[in-house]
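# Observations on chain architecture
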Amino acid sequence: MTAQVDYLVVLFTATSGASGELLGSDEKELVRIVWQLVDLTNQQLGQVNELLIRPDPSELTEKEEEEDVEEEESVEEESGSGADCISTATSLESALNMFHLQLTNQVNSMGAGTSVCLCTDGQLHIRQVIHPEAASKNILVPDCFYSFFDLRKEFTKHFPTPDLKAFNVYVMAESLSISVDVPMLWDPSAIMPPKVAVQQVQLMSSIVLALLSEPMCHIFTKPERVLEKFESGTCSKMEKVCDNTVIRARGLPWQSSDQDIARFFRGLNIAKGGAALCLNAQGRRNGEALVRFVSEEHRDLALQRHKHHMGNRYIEVYKATGEDFLKIAGGTSNEVAVFLSREDQIIVRMRGLPFTATHEQVLTFFSPADGLKEMCPVSGGKDGILFVRYPDGRPTGDAFVLFASEEHAQSALRKHKEILGKRYIELFKSTAAEVQQVLNRYSSAPLISVAPAPLVTMLPTMSLLPPPGGMRNCLRLRGLPYTASIEDILTFLGEFTQDVQPHGVHMVLNQQGRPSGDCFIQMTSAERALLASQRLHKHMMSSQRGANSRYVEVFPCSAEEMSLVLMGGSLSHMHTHTHTRSRNGTGLSPPPCLSPPSYSFTPAQPVLTPEAAAALYPPIGPMMLAPRPLPPGHAYYPASAQLYMNYAAYYPSPPGSPTTLGFFPSPSSLTSPAGLVRMPSLTYNSNGVKEIINAMQGYQAPAESIALLSSNLIGQSSAGDAPLMTLPALVNKPGQYLDLALL
């Protein structure tokens, strides 16, 4: 609009809550509209009109009735408010329609020109009161409310000032030498008195006439615009986004879309493609969104909607940065840019697709079934389908599909959880920003970072775990109670406990050293491992230290797969059993990386001498540049043999078995240079030293050299004890230690 309009409608609104600069910040309903028509050509004023909104008492709750009574008491003074015409409406919708009808009739009665535009004191009356309430009640707003003049901005064209908030009608009237009655004082957090609203409109009309007269001769052109529709679009990572235009909204319903976000911020202008929903590590929406506005002024107005409601949920609104927005919404893929270049398209996300799914299968999935007339054709055919892939070209099971209209998209969403191939498909309404975010996550960079290449050659060839092999003679337990102990696991195994190898129970710990809910068990044979997985899969496990029970998933796996996870590696879904995929659906454990010095533990005191450690344990060799010792506690591995663990990936707890839960510290009283023999796995009904002497006949083992270890020493709650005895004739070299379990 370049030419001056014929009429200005000076408008003022009041709610049942705060007023002034806090107007609209408390989500209170609109209760009063005061307006006056100004003929710009003839510089004449029309009558002052007041429109009151009083809900029908039959539709009010008891609490609302009490509030309405208070409002009626304050409105009883309306005859003295100064308005020439007072009308009443029962709802916002009827009030807006009545306003539009009265305005049209009054313009037609004046007969000079037809172009009309609203004029308000600031932005709040239109952007923070009328549009938000109308959007929350699904009310169509008349076209006249989508453009308006901000009297403060028009005034600053002649009286520049850096702070518009410092202006009000009284300051402007004083600057223009307009006589003003003594302004009424009221609490901005309370309901505005009726006389004040009429006084404000009369002052604004006088200011408009003063601006039109000489010497200023102001022309009202280029009004403020309220966007009627949110425009979706793409954003490049190379684009510059101002930090003062971005906010973060938190607490959104998980099914909300960018259009829902635009509806929440109705009245404020969101930049094209400026609503970006955030996803969590599993690719699901986490209830947050980053919103980019066209200016800092609109961003500041958005912050005033902190804890306003979207349905039954309140939404938190905070400041964010342009960098935050680009991380979510920015993209570099040409394929995505072409896919999103089509205007007025509705995007639907497909999740859970078979990895072999093709374009033809997706098109068939959305084609109408026999006997059904419901249509949901894919816009553009194959060009309207975008499969999400890993950098190496493997499919992720996700895809995005375009539909030409909202009706077709809703028909498509009704196919949620229908079957394609042998899998049910999840369907969600999506956004352009979500497409960019998902593609960035899977395509722009590897999901799992890899350790620097020079360190790979330093990995040892020896492992504390059994040598890798293809035999699936191990079990993987997933979903354990976090309070579960090895005893709970053995109780869960039941009859299969006897098939567990010595030191064959490996609890998987997370980076904080706490149970992760996973466990590996080495079995005596692949047949028993398979049988155990078939009988125990999804059975309930209870913990002695916790009241809750959980069902546990049991899968067979190989020693190679177990070793890979326990030593900080990752299980790829291309090489493991389909059931061994992790909860995030990718089958990948956390990314391996180096152990920084900040994660080091306090060094443990040596348990065995270096010579004893060399006999009991094979050399591990240097694995990382910055090794760290094990934390203090059980001495399952000697301190002299450094054990390197990944702080970001899973790592094993000390191994356990049904009869012995780990190695034990050497008694300090053994000073003899003779050999030391360990006898684990003694029967629980053992008679003690006498039976051991009988078993060791032929060896030089005096009775006083035999030591039965107590349960407290080795950390067992059972009666099974492992004795120690010296055998001078068994070992020639002094200081050697042997484990009979290894003989």
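Residues numbered from 1 in each chain as written. Predicted model: local features only at pLDDT ≥ 70, side-chain atom pairs only at ≥ 80, totals over all residues. Heavy atoms only, no water.

### Some details on the packing of aromatic side chains
On inspection of all chains with the given rule, the structure shows nine aromatic pairs. Measuring from centroid to centroid gives 5.3 Å for Trp35 and Phe99, while their planes differ by 80°, and the two rings are edge-to-face. Remark: Phe99 occurs in helix α2 (residues 92-110) and Trp35 occurs in strand β2 (residues 30-39); sequence separation between them is 64 residues. Of the two residues, Trp35 and Phe99, both sit in the buried class. Between the aromatic rings of Phe264 and Phe265, the centroid separation amounts to 4.8 Å while the plane-to-plane angle is 85°, which identifies the pairing as edge-to-face. The class of Phe265 is buried, set by a relative accessible area of 0%. Three or more aromatic residues link up through ring pairs in this structure, and these residues are Trp35, Phe99 and Phe145. Positioned above the aromatic ring of Tyr482, the side-chain terminus of Arg550 is 5.5 Å from the ring centre. (Phe/Tyr/Trp six-rings, centres within 6.5 Å; stacked < 30°, edge-to-face > 60°. Helix = DSSP H or I, 4+ residues; strand = E, 2+ residues; numbered from the N terminus. Buried < 20%, exposed > 50% of the residue type's maximum accessible area, 1.4 Å probe, protein only. Lys NZ or Arg CZ within 6 Å of the ring centre and 35° of its normal.)

### Here's the deal with the environment of Cys242
Along the polypeptide, Cys242 turns up in the loop between β8 (235-236) and β9 (246-250). A relative accessible area of 43% places Cys242 in the partly exposed class. In this structure the C-alpha to C-alpha distance between Cys242 and Thr321, which are 79 residues apart in sequence, comes to 7.4 Å.

### A closer look at helix α6 (residues 194-212)
In this model α6 runs 28 Å from its N-terminal to its C-terminal C-alpha over 19 residues, within 8% of the 27 Å that 1.5 Å per residue would give. Burial runs high along α6: 15 of the 19 residues are buried. (Expected span 1.5 Å × (residues − 1).)

### A look at the sheet that holds strand β10 (residues 270-279)
Here five strands make up an open sheet; going across it, the order is β10-β11-β9-β13-β12 and the pairing antiparallel. At either margin of the open sheet sits one strand with a lone partner, and together these are β10 and β12 (308-310). The average undirected angle you get between the axes of adjacent strands in this sheet is 35°. Here β12 runs beside strand β13 (residues 313-319); their pairing, made up of three bridges, is antiparallel. Across the sheet, His309 pairs through a bridge with Tyr314, a residue of β13. In the packing of helix α8 (residues 296-303) onto the sheet, the strands contacted are β9, β11 (285-293) and β13, and the crossing angle to β13 comes to about 140°. Across the face of the sheet, helix α9 (residues 322-329) comes into contact with β9, β10 and β11 while running at roughly 70° to β10. (Pairing = 2+ DSSP bridges. Axes fitted to C-alpha atoms, helices over the stretch in contact; angles between N-to-C directions. Contact = heavy atoms within 4.5 Å.)

### Examining the confidence of the model for the protein chain
Averaged over every residue, the pLDDT of the protein chain is 75; the share at 70 or more is 66%. Every residue in residues 74-79 scores below 50 in pLDDT, and together they form nine contacts with partners more than four places removed in sequence or on other chains. Every residue in residues 572-604 is under pLDDT 50, and counting partners more than four places away or in other chains gives 80 contacts. (pLDDT = per-residue confidence, 0-100.)

### Structural notes on the pairing of β10
Across the 10 residues that make up β10, a large majority, nine, are buried. Where β10 meets β11, five bridges bridge the pair, whose relative direction is antiparallel. Paired with Ala275 across the strands is Val291, a residue of β11.

### Describing unusual backbone geometry
The step from Glu214 to Pro215 runs through a cis peptide bond, and the omega angle for that step is 5°. Examined against the element boundaries, Pro215 turns out to sit in the loop between α6 and β7 (224-225). We note that Cys217 has phi near 50°; this positive angle belongs to a residue other than glycine. You can see Cys217 is positioned in the loop between α6 and β7.

### Brief notes about the environment of Glu21
Following the sequence through the fold, Glu21 ends up in the loop between β1 (7-15) and β2. Given the relative accessible area of 36%, Glu21 is considered partly exposed. It is 9.9 Å that separates the C-alpha atoms of Glu21 and Asn168, two residues lying 147 residues apart in sequence. Among residues more than four places away in sequence, those in contact with Glu21 are Leu124, Arg152, Lys165 and Gln304. Of note is the side chain of Glu21, whose polar atom sits 3.2 Å from the side chain of Arg152. (Polar contact = N/O pair within 3.5 Å; in protein donor to acceptor, adjacent residues only side chain to side chain.)

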